[in-house]
Amino acid sequence: AQSVTQPDIHITVSEGASLELRCNYSYGATPYLFWYVQSPGQGLQLLLKYFSGDTLVQGIKGFEAEFKRSQSSFNLRKPSVHWSDAAEYFCAVGPITGGGNKLTFGTGTQLKVEL
Amino acid sequence: GAVVSQHPSWVICKSGTSVKIECRSLDFQATTMFWYRQFPKQSLMLMATSNEGSKATYEQGVEKDKFLINHASLTLSTLTVTSAHPEDSSFYICSAWDRVGTEAFFGQGTRLTVV
């Protein structure tokens, strides 16, 4: 069965500081990996995804993530955090075919940005 | 990009009544949609997979008779919470993959409060 672990429930960083949100997955085959962001009371917005190819993927809002197969990880990074980045971040895994298949989400990491 | 619209954004209903939530794919057809439930400060839990023209597939532990799903067209899936009780209060989010199956789009969510 597939699963996703986000070890950090809450993270607080100062504005301008770098950020790394951890994500570990368990999946029986090559996974399809996602990072989503959710603002309070809102749906989910896709930040980036990994399907194949270059293991370092670039996303929106200056985010990037690196797929490390040997560590079963897909950590999200941003070199300089902005106050508007405060939100809930979810890592998700799904089958490589995507389409009509369901995603499994991690428990999320709440990011707080100190001014 | 593809857009998934959910309506209403929030609803308050009395115990014992039923509430219908709509999920529409605005610019693409979705033979499959997904319904998630999210408790405060928790992750998304898949409730069911909505299949156009056929019965929905429910996850283990989800009451089929309480959460009625109808996917009557390629652009609309509805979730009806029947005989709602306060414990059904939650944030409900729908999702659909784009045409090529590379990205899952999410509705903005519906906050249900049962009083």
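Look up: the structure comes first, before these words.
All figures in this text were calculated on a predicted structure; none of them were measured in a lab.

### Comments concerning the sheet that holds strand 3 (residues 19-25) of chain B
Residues and elements named next belong to chain B.
Link 1 in the chain: Within the open sheet, the four strands sit side by side as 1-3-8-7. Their pairing is antiparallel. Lying at the two open borders of the sheet, with one neighbouring strand each, are strand 1 (4-7) and strand 7 (67-73). Along the sheet, successive strands turn relative to each other by an average axial angle of 15°, direction set aside.
Link 2 in the chain: Note: strand 7 against strand 8 (residues 76-81), five bridges, orientation antiparallel. Residue pairing across strands places N70 opposite T78, the latter belonging to strand 8.

### Brief notes about the state of the cysteines
Residue and element names in this part refer to chain A.
Link 1 in the chain: This model, assessed by the stated rule, comprises two disulfides over all chains.
Link 2 in the chain: Each sulfur of the disulfide joining C23 and C91 lies 2.0 Å from the other. As the torsion about the S-S bond is roughly -65°, the C23-C91 disulfide counts as left-handed. Remark: C91 occurs in strand 10 (residues 87-95) and C23 occurs in the loop between strand 3 (19-21) and strand 4 (24-26); sequence separation between them is 68 residues. With respect to burial, C23 and C91 carry one shared label: buried.

### Digging into the pairing of strand 4 (residues 32-38) of chain B
All names here are of chain B.
Link 1 in the chain: Burial of strand 4 is extensive: seven of the seven residues sit out of reach of the surface.
Link 2 in the chain: Residues of strand 4 alternate between two faces, with T32, F34, Y36 and Q38 on one and M33, W35 and R37 on the opposite face, all of them buried.
Link 3 in the chain: Pairing analysis gives seven bridges linking strand 4 to strand 5 (residues 44-51), with the strands arranged antiparallel. Within strand 5, the position partnered with M33 by the bridge is S50.
Link 4 in the chain: Hairpin connection between strand 4 and strand 5: a loop of five residues separates the two successive antiparallel strands, and K41 in this loop has a positive phi of roughly 60°.
Link 5 in the chain: Taken together, the six bridges between strand 4 and strand 9 (residues 90-97) define a ladder with antiparallel strand orientation. Residue pairing across strands places M33 opposite A96, the latter belonging to strand 9.

What counts as what
Residues numbered from 1 in each chain as written. Chains lettered and ligands numbered in written order. Predicted model: local features only at pLDDT ≥ 70, side-chain atom pairs only at ≥ 80, totals over all residues. Heavy atoms only, no water. Pairing = 2+ DSSP bridges. Helix = DSSP H or I, 4+ residues; strand = E, 2+ residues; numbered from the N terminus. Axes fitted to C-alpha atoms, helices over the stretch in contact; angles between N-to-C directions. Disulfide = S-S within 2.5 Å. Buried < 20%, exposed > 50% of the residue type's maximum accessible area, 1.4 Å probe, protein only.

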